[in-house]
Amino acid sequence: MWTWLHKLGSPPRFYRWTGRLIPWFGAATVLLMAAGLYGGLVLAPPDYQQGDSYRIIFIHVPAAWMSLFVYMVMAGAAAVGLIWRIKTSEIVASACAPLGASFTFLALATGSLWGKPMWGTWWAWDPRLVSELILLFLYFGFMALQGAFEDRRTGARAAAVLALVGVVNIPIIHYSVEWWNSLHQGPTVTKFDKPSIHLSMLIPLLLMALAFKAYFVSVVLMRARTEVLDRERGNSWVREALGEQ
Amino acid sequence: MSLSEFFHMGGYAFYVWTSYALTAAILVANVVVPLQRRRKLVDDLRRRLRARRNA
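To keep things clear, this report deals only with the structure shown in the data block.

About the cut-offs
- Residues numbered from 1 in each chain as written.
- Chains lettered and ligands numbered in written order.
- Predicted model: local features only at pLDDT ≥ 70, side-chain atom pairs only at ≥ 80, totals over all residues.
- Contact = placed C-beta atoms within 7 Å.
- Nonpolar A, V, L, I, M, F, W, Y, C, P; charged D, E, K, R; others polar.
- Axes fitted to C-alpha atoms, helices over the stretch in contact; angles between N-to-C directions.
- Helix = DSSP H or I, 4+ residues; strand = E, 2+ residues; numbered from the N terminus.
- Parallel < 35°, antiparallel > 145°, perpendicular 65-115°, else oblique.
- Left-handed = near helix turned anticlockwise from the far one by under 90°.

This part is about the interface of chain A and chain B. In this assembly, 28 residues from chain A lie in contact with 22 residues from chain B. Of the residues that constitute the side of chain A that touches chain B, the class distribution is 15 nonpolar, five polar and eight charged.

Okay, here's the thing in structure tokens:
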């Protein structure tokens, strides 16, 4: 496992492997999303309380899950980069940040668009909403700190420290609906007993969640791959990879 | 279900379709921007390599 990780950390290998993986994840994204959208927008019945407005769930919940998942990947990759000084890992962490910020923004925006008809307000100073907003600022902070230093690797280290400190926010977001009296509803899917959501809604929700995950993998690898090429531009493998001798 | 019913979303069309459109726009932008960046970088690297070889 460790030797495998170490090999993958070598830029030419990373470049080659990701080149093979991206098309598969891209295809999986398209298929899963098509199935999830069809199931969620066409097949699933309207909710007995919320009518058709609940259909925002099929993007809101996957986006919110991804906002946390991407943060953990980013913090994990940043930690590996910080401890073992693996450049590829720093690059992966920096490729995560804009995607994580996008998912967080989508979770907040679609939540707002769902909150207006259901709660009667676009925004509330509610623990779940505020902690998710803090997550958005953590992503922005990470990106800003990375670019704030002359030396890219110093920036990566400073940003990694921020990412690791920010990890405390993750359980706060997750448990906010249980710890505090929140306007936001409690979890419906990740309960240990039976999830309180009907299969006709649960299946498209899980398909969309998988689609978002596959999308994230393909885009994060795409970004990281370009960055690897940029930073390694002087090396002979780059010349070969570009088909120039 | 008719097509107009589908677009009407039981009266929640604005909220539902704005959510979906916003999501689509952001997901597409996150693919297009890295692709453009990659194309620019690859073109630039190729040009430099050729310039150096011809020098």
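Residue and element names in this part refer to chain A. Relative orientation of the contacting elements helix α3 (residues 57–84) and helix α4 (residues 87–119) amounts to 160°, with a least axis distance of 7 Å. Viewed along their axes, α3 and α4 adopt a mutual orientation that is roughly antiparallel. By crossing handedness, the relation of α3 to α4 is classed as left-handed. Looking at the contact of α3 with α4 residue by residue, the classes come out as 20 nonpolar, eight polar and one charged.

We now examine the packing of helix α8 (residues 199–231) of chain A against helix α2 (residues 13–54) of chain B. Two numbers describe how α8(A) lies on α2(B): the axes approach to 10 Å, and their chain directions differ by 20°. Taken together, α8(A) and α2(B) sit at an angle that is classed as roughly parallel. Remark: the crossing between α8(A) and α2(B) carries left-handed chirality. Here A:Y215, A:V219, A:M222, A:R223, A:T226, A:L229 and A:D230 of α8(A) come into contact with α2(B), specifically with B:L27, B:N30, B:V31, B:P34, B:R37, B:R38 and B:L41. Split into classes, the residues belonging to the contact of α8(A) with α2(B) amount to eight nonpolar, two polar and four charged.

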